[in-house]
Amino acid sequence: ELKVEQNPLFLSMQEGKNYTIYCNYSTTSDRLYWYRQDPGKSLESLFVLLSNGAVKQEGRLMASLDTKARLSTLHITAAVHDLSATYFCAVDIDQGGKLIFGQGTELSVKP
Amino acid sequence: NAGVTQTPKFRVLKTGQSMTLLCAQDMNHEYMYWYRQDPGMGLRLIHYSVGEGTTAKGEVPDGYNVSRLKKQNFLLGLESAAPSQTSVYFCASSSLGQVSGELFFGEGSRLTVL
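Here the structure is a predicted model, which is why all the values come from computation and not from measurement. (Residues numbered from 1 in each chain as written. Chains lettered and ligands numbered in written order. Predicted model: local features only at pLDDT ≥ 70, side-chain atom pairs only at ≥ 80, totals over all residues. Heavy atoms only, no water.)

A. Broad picture of the sheet that holds strand β8 (residues 73-78) of chain B. Residues and elements named next belong to chain B. Read across the sheet, four strands follow the order β1-β3-β8-β7 without closing on themselves; strand pairing throughout is antiparallel. Sheet topology places β1 (4-7) and β7 (65-67) at the edges, where each strand pairs with a single neighbour. With direction set aside, neighbouring strand axes in the sheet form an average angle of 20°. As defined by bridge partners, β1 adjoins strand β3 (residues 19-25) across four bridges and the pair is classed as antiparallel. The residue bridging T7 from the neighbouring strand is L22, located in β3. (Pairing = 2+ DSSP bridges. Helix = DSSP H or I, 4+ residues; strand = E, 2+ residues; numbered from the N terminus. Axes fitted to C-alpha atoms, helices over the stretch in contact; angles between N-to-C directions.)

B. View of unusual backbone geometry. That bond from N7(A) to P8(A) is cis: its omega, 0°, falls within 30 degrees of zero. Inspection of the secondary structure puts P8(A) in the loop between β1 (4-7) and β2 (10-14). The peptide bond linking T7(B) to P8(B) adopts the cis configuration, its omega dihedral lying at -5°. Within the secondary structure, P8(B) sits in the loop between β1 and β2 (10-13).

As structure tokens, this is what we get:
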């Protein structure tokens, strides 16, 4: 059975601190996505990682993909309150756009 | 700039009633999806479609039916609603010709079954 597991599921951070969210998956795939969701809102695409070793950065967020380890990370640098949201990773399991999502990581950044 | 539009946004049903959620996209995407989101469980794929006239089951298809009669529309039906189907439903679409395979989501439809 395919599993996509994120940890931690809840993360409370202080502004200015660094942290990493992990996404492990149980099947071979070289396509992984990160989405952000604000409370009561839809999902917004953050990163698309399409090959082993892919690294993408946008502002204080950096995502990477290691397909051999079946692991993706979302690193947060010098967190600010505006980053408070739920972050999901999703794996394309058949290269055909069928995405399976992790449980989500609820991030709260406090002053 | 409509993108992916879902109707209705909110609905309350009684157990056993039926309803249809409509998803419309104006991006000429080939692929369309229905997900449900429940607390602590992320998004789970219900059904998806890779083109007009085609549908396929996802992770949690039981209790739902879908139809894709037109390329731009993807309908999700509940024939006999159950309280376990209380959830937020998201429709998404993506392009076959897009290298990234990125999904574009609608705003969600919140369904409560009493």
